[in-house]
Amino acid sequence: MLELQGITQIFGGVTALNDVSFSIHADQITGVIGPNGAGKTTLFNIVTGIYQQTRGQVIFEGSDISGIPVERLAAKGMVRTFQNIELFGQMTVLENVMVGLHSKSKSGLFACSFKAPWAITEERRIREEAHEWLRFVGIEQLADVQASNLPFGKGRMLEIARAMACKPRLILMDEPAAGLNSQETVGLAELIRKIRDLGVTVVLVEHDMELVMDICDRIVVLNLGQKLAEGTPREIQDNPEVIAAYLGDDE
Amino acid sequence: MKKELIKYAVFALCILLAPLVFSGNYLMNVLVFVGIHTMLAVALNLLLGYAGQISLGHAAFFGLGAYGSGILSTTYNWNPWLAMTVVALVVGGLAFAIGFPILKLKGHYLAMATLGMGIIVYIVFNEWVAITGGPSGFSGIPNLELGPLVFDSDLKNYYLVWSFVLGCVLLSVNLANSRIGRAFRAIHDAEVAARVMGVNARLLKVQVFALSAMICAIAGSLYAHVMTFVAPPSFGFNISVELLTMVVIGGLGSIYGSFLGALLLTLLPEFLRFMHDYDIVFYGGLLMVMTIFMPGGLVRGIPDLFRKITGLKNKKGGAHA
Amino acid sequence: MELGNQLLQYLLSGLSTGAIYALIGIGFSIIYNATGIINFAQGEFVMLGGMLTLFLMETLKLPLWAAIPLAVLLATLVGLLFERLAIRPLRKASPISLVIITIGGSILIRGLSMLIWDKDTHALPPFSSEEPIMIAGATVLPQHFWILGITVVLIGLNKWFFSHTISGKAMRACSYNPRAAGLVGIDVRRMVLLSFVISAAMGSLAGIIVAPLTMTSYDVGVMLGLKGFCAAIIGGMSSGIPTVIGGLILGVLESLGAGLISSGYKDAIAFVILLLILFIRPQGLFGKPESERV
């Protein structure tokens, strides 16, 4: 599904990632974990096209996607969410999800201004599908609320609905449980499983160990810009190197 | 959707019937300018209010439209309608081409670059005397004709200009409520997230820039044919700032707000004729006060104010009871 | 006059206008580095310098040496008020709001000056004799030397301030990382205020020393401000030597262009350069490209 080969990232002389390789298997939930400063977010930004890596390749479904502009990845079937939820604050909840369908619709500037018949049909379809995704994450009753007025937990759900509206085959979530209370985290775990059951591959970078151990099929551990280990949750929990890294044996 | 349609119908009806209530050549003439300013403000609002990209050079596109139409239809005897169409397309194309490098810039840098572009065009209007007539202007531009109908009176021009305005407003409202309009607003709110959703921010910004320039060029053509005379001061930096003021006062991201801004800023100087020189102070003060106290513009600010006042009353009433 | 002498003439007058652009450009950079704002009202401080000096001399009959410092002081006060009344209430606003508010401020200052004084252009008397000096066949007015001399002193002072005083160092810290600067106890808001004060002072002084040559009126600030910004852009928004070089390059190119090509298009030169730099090397002529990070 997704393969990282020898990813190295250097920021002005500082090596943030050093020769990281691993692969993500289709239809699984994979967690990427590691102590602070391990390079998780950097890796995430490279995979999703926001940073350009210094060396190495990202292969998505057999083709090299390094250097492809961010906006083309959605059409290829890859989408992400953000650690500090990036909603379109001035738009309604429903409109946010409708933007998620952007890559799955194509009426242009002129068709839209002149309300061409196909643009009207498409608009109707976008609206209906957006409603469905709101139902999927369970916030349909909030459709007409302005996004910036949502409580954080609901905002997280909206961001996932918006990402799912792109109909991705791979969804990457950057710390989805950050800022959620324990009840919301339980809901999130359920939702992530539901997403996997739709046949969507999930990758999450996460701090919440309980969540990761609970829902992930496989886990990759990063430390100091390098891959430390990978395996099932059980294997990772028993790995002495991982334990040492988390306890900080050099301190 | 239905709400939008009703809003538009009411707006159109008011425009069509206005000449029954307001009459007299002077007032009609002023309303013609309100129409031209509305087109310009709506054009700038699409760029600034929806896509969040500032331009301090929009008067240049207005001027290119006016001079283009004037010169082609007068010096070269083109059919004015043909000239208008060709000029609109050429200005749109030009904006599209310049849009790629210019919209790579953000915020303050974009403001400065568009400002520079505007001033260069303004200097050309002044200096290319052989073609533009230089500082003394370009005169003798013919009125538009439609079969036997010649648009040579204020009332005729009123309907001419406002039918363009109504068309422009309708298209803009449609656009604003479509996937493209949503994509603009998404870019405005969170550009990276919009791109992750597959919105090609770069291309869309350039497209809206070109569209906006094209509307300004058409407004310019209309202006040239209505006035039959154009001169550089109508297309200088001050005009770009005036347009910006209209958009900000009306409300960023509100099409009807732009109409309100254009109406206000065109009528006020007419009523405040006696304080002629003060208008520049007035614009400056208005821009500052609005940005600090009513950043949402009149269309959002007035209802907010109203709510606050009635809210206060209710509170008082509650305290009594 | 033969071509060589003529070129020298253009070069010399270009250098002194360039020095003015440099001073204004440094004003832009100082505010930009402290706040991330490009202050569209920068040119108005320049105008205020010239107009206030004139006002103090003609209306209050002050001698030149007394009028100049007083004019700088008053213009600086306007800069301070501007920061307090317009910029501070908007601290967390979007760049667009900040652009709009500084434009509003600039129009307001310009409009008020027009009302207080008038729409005419005025000349300020030169600082010393009006007798031109001959240098290698070129005639140079003494005022050009005043401009160059004062510019050198100001740039020296500026450099000293930023590298040797506590406030200067604190301001540099703010420009690198305002949050970190705030955490180590630097009063960031005071530094922002200070940046407006310094650039208003520099701008107004620039406006005073150039006024005897180019005349002054309520609207000179627009063009001078924009050209100062162009200098700063060439210099990559540096508040030091690169912007000075930017100003000098611009001044000389303009003077050569006006002399050899056409004086009508003189003003366009600055804006063509501005656009080219922004399109091709937005980091300035001398800067290294920034690695793009989101």
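All values derive from a computational prediction rather than experimental measurement. (Residues numbered from 1 in each chain as written. Chains lettered and ligands numbered in written order. Predicted model: local features only at pLDDT ≥ 70, side-chain atom pairs only at ≥ 80, totals over all residues. Heavy atoms only, no water.)

**A few points about the overall build of chain B**
The secondary structure content of chain B amounts to 14 helices and 4 strands. In chain B, which comprises 321 residues, the share counted as buried stands at 57%. Of the contacts formed within chain B by residues at least 6 apart in sequence, a portion of 79% connects residues at least 24 apart. About 13000 Å² of surface is accessible on chain B, with carbon and sulfur atoms providing 69% of the total. Taking the average place of the 19 positive charges on the side chains of chain B and the average place of its 12 negative ones, the gap between the two points comes to 18 Å. (Helix = DSSP H or I, 4+ residues; strand = E, 2+ residues; numbered from the N terminus. Buried < 20%, exposed > 50% of the residue type's maximum accessible area, 1.4 Å probe, protein only. Contact = heavy atoms within 4.5 Å. Areas by Shrake-Rupley, 256 points an atom, 1.4 Å probe, with all protein chains shown as cover. Lys, Arg positive; Asp, Glu negative; His and termini not counted. Charge placed at Lys NZ, Arg CZ, Asp CG, Glu CD.)

**Remarks on the interface of chain C and chain B**
Accessible area lost during the coming together of the parts is what is often quoted as the interface size. Each partner contributes to the interface: chain C provides 47 residues, whereas chain B provides 39 residues. Between chain C and chain B the total buried area reaches about 3600 Å² when both faces are included, carbon and sulfur atoms providing 86% of it. Where chain C touches chain B, the interface holds 0 salt bridges. At the surface where chain C touches chain B, the tally comes to 1 residue pair in polar contact (both at pLDDT 80 or more). When contributions to the side of chain C that touches chain B are tallied by element, the ones reaching two or more residues are helix 1 (3-35), helix 3 (64-87), helix 4 (95-116), helix 9 (220-234) and helix 11 (266-280) of chain C. (Buried area = accessible area lost by both parts, 1.4 Å probe. Salt bridge = Lys/Arg side-chain N within 4 Å of Asp/Glu carboxyl O. Polar contact = N/O pair within 3.5 Å; in protein donor to acceptor, adjacent residues only side chain to side chain.)

**Overview of the pairing of strand 8 (residues 201-205) of chain A**
Residues and elements named next belong to chain A. Counting buried residues in strand 8 gives 5 out of 5 residues, a clear majority hidden from the surface. Neither face of strand 8 is exposed, since Thr201, Val203 and Val205 on one face and Val202 and Leu204 on the opposite face are all buried. One ladder, built from 4 bridges, connects strand 3 (residues 29-33) with strand 8; its direction is parallel. When the bridges of strand 8 are listed, Val32 appears paired with Val205. The sheet contact formed by strand 7 (residues 170-174) and strand 8 spans 5 bridges and is parallel. In the strand pairing of strand 8, Leu172 is matched with Val203. Each parallel crossover has a hand, and the one from strand 7 via helix 7 (residues 182-197) to strand 8 is right-handed. (Pairing = 2+ DSSP bridges. Right-handed = clockwise from strand over helix to strand, strands pointing away.)

**Points about the UniProt feature "transmembrane region" (unreviewed entry) in chain B**
Residues and elements named next belong to chain B. Mapped onto this structure's residue numbering, the UniProt feature "transmembrane region" (unreviewed entry) falls at residues 33-52, 59-76, 82-103, 110-131, 158-176, 208-231, 243-268 and 280-298. From the first C-alpha to the last, residues 59-76 spans 24 Å; its make-up is 89% helix and 0% strand. Note that residues 243-268 is 85% helix and 0% strand, and that its end C-alpha atoms are spaced 14 Å apart. (UniProt positions renumbered as here; feature names shortened; annotations may be inferred.)

**Remarks on the sheet that holds strand 6 (residues 78-81) of chain A**
Residue and element names in this part refer to chain A. Strand order in this open sheet of 6 strands is 6-7-8-3-9-10, and the pairing throughout is mixed. Looking along the sheet, the strands with just one partner apiece sit at the ends: strand 6 and strand 10 (226-231). Averaged over all pairs of adjacent strands, the angle between their axes in this sheet comes to 15°, without regard to strand direction. In the packing of helix 1 (residues 40-47) onto the sheet, contacts are made with strand 3, strand 6, strand 7, strand 8 and strand 9 (218-223), and the angle to strand 7 comes to roughly 145°. Across the sheet, helix 6 (residues 152-164) touches strand 6 and strand 7, and the angle it forms with strand 6 is around 170°. (Axes fitted to C-alpha atoms, helices over the stretch in contact; angles between N-to-C directions.)

**Focus on a nonpolar patch on the surface**
All names here are of chain B. On the surface, Leu13, Leu16, Leu17, Leu20, Val21, Phe22, Leu155 and Tyr159 cluster together into a nonpolar patch covering about 800 Å² of accessible area. Breaking the nonpolar patch down by element, the ones donating at least two residues are helix 1 (2-21) and helix 7 (154-176). Examining the composition of the nonpolar patch, we find that 5 residues originate from one element, helix 1, more than from any other. The topology assignment puts Leu17 in helix 1. (Patch = residues over 30% accessible without salt bridge, like charges linked within 9 Å, V, L, I, M, F, W, Y side chains within 5 Å.)

**Topic: the packing of helix 2 (residues 42-58) of chain C against helix 9 of chain C**
Residue and element names in this part refer to chain C. Where helix 2 meets helix 9, the closest approach of the two axes is 7 Å, and the angle between their N-to-C directions is 125°. By the angle between their directions, the pair helix 2 and helix 9 is classed as oblique. Crossing geometry of helix 2 relative to helix 9 is assigned as right-handed. Taken together, the residues of helix 9 that come into contact with helix 2 (itself represented by Gly43, Glu44, Val46 and Met47) are Val220, Gly221, Val222, Leu224 and Gly225. (Parallel < 35°, antiparallel > 145°, perpendicular 65-115°, else oblique. Left-handed = near helix turned anticlockwise from the far one by under 90°.)

**Some details on the pairing of strand 3 of chain A**
All names here are of chain A. Most of strand 3 is tucked away, with 5 of its 5 residues classed as buried. Neither face of strand 3 is open: one carries Ile29, Gly31 and Ile33, the other Thr30 and Val32, and all of them are buried. Pairing analysis gives 4 bridges linking strand 3 to strand 9, with the strands arranged parallel. Within strand 9, the residue paired with Thr30 across the bridge is Arg218.

**Topic: the packing of helix 7 of chain B against helix 12 (residues 255-271) of chain B**
All names here are of chain B. Put simply, helix 7 and helix 12 touch, their axes get as near as 10 Å, and they point 145° apart. Two secondary-structure elements touch here, helix 7 through Trp162, Val169, Ser172 and Val173 and helix 12 through Ile255, Tyr256 and Phe259. Here the contact of helix 7 with helix 12 is built from residues that sort into 6 nonpolar, 1 polar and no charged. (Nonpolar A, V, L, I, M, F, W, Y, C, P; charged D, E, K, R; others polar.)

**Digging into helix 8 (residues 179-189) of chain B**
In terms of burial, helix 8 of chain B is a largely internal element, 9 of the 11 residues being buried. Of the residues flanking the start of helix 8 of chain B, the one acting as N-cap is Ser178 of chain B, its side-chain oxygen 3.2 Å from the backbone nitrogen of Ile180 of chain B.

**A look at the pattern of salt bridges**
All told, the structure shown has 24 salt bridges over all chains when counted by the stated rule. Residue Arg307 of chain B is joined to Asp304 of chain B by a salt bridge in which the shortest nitrogen-to-oxygen separation is 3.2 Å. Here the residue Arg307 of chain B and the residue Asp304 of chain B both occupy positions in helix 14 (residues 298-320), the gap between them amounting to 3 residues, near one helical turn. A salt bridge links Asp267 of chain C to Lys227 of chain C; the shortest N-O distance between them is 2.5 Å. Within this pair, whereas Asp267 of chain C is found in helix 11, its partner Lys227 of chain C is found in helix 9, the two being separated by 40 residues in sequence. Judged by its relative accessible area of 24%, Asp267 of chain C is partly exposed. When salt bridges that share partners are traced, they join Glu123 and Arg127 of chain A together with Arg182 of chain B into one network.

**Re the UniProt feature "transmembrane region" (unreviewed entry) in chain C**
Residue and element names in this part refer to chain C. As recorded in UniProt, the sites labelled "transmembrane region" (unreviewed entry) are residues 12-32, 37-56, 62-82, 94-117, 144-162, 191-211, 231-256 and 268-286. Secondary structure across residues 37-56 divides into 75% helix and 0% strand, with the first and last C-alpha atoms of the span separated by 32 Å. Helix makes up 100% of residues 144-162 and strand 0%, and the two end C-alpha atoms of the span are 27 Å apart.

**A few points about the sheet that holds strand 5 (residues 63-64) of chain A**
Residues and elements named next belong to chain A. Spatial strand order, 2-1-4-5: 4 strands in an open sheet with antiparallel pairing. One side of each edge strand has no neighbouring strand; the edge strands of this open sheet are strand 2 (14-24) and strand 5. In this sheet, strand 5 lies alongside strand 4 (residues 55-60) in antiparallel orientation, the contact comprising 2 bridges. Bridged to Ile59 within strand 5 is Asp64. Taken strand by strand, helix 1 contacts strand 1 (2-11), strand 2 and strand 4, and its axis lies near 115° from that of strand 1.

**Here we look at the confidence of the model for chain C**
Averaged over all residues, the pLDDT of chain C is 86; the fraction at 70 or higher stands at 97%. Here strand 2 (residues 138-140) of chain C stands out as the least confident element of chain C, with mean pLDDT 77; helix 2 of chain C is the most confident, with 92. (pLDDT = per-residue confidence, 0-100.)

**As for the environment of Gly92 of chain B**
Residues and elements named next belong to chain B. With respect to the secondary-structure elements, Gly92 resides in helix 4 (residues 80-102). The exposure class of Gly92 is buried, given its relative accessible area of 4%. Along the sequence, Gly92 and Ala219 sit 127 residues apart, while their C-alpha atoms lie 13 Å from each other. Ignoring anything within four residues of it in the chain, the contact list for Gly92 reads Ala210 and Met214.

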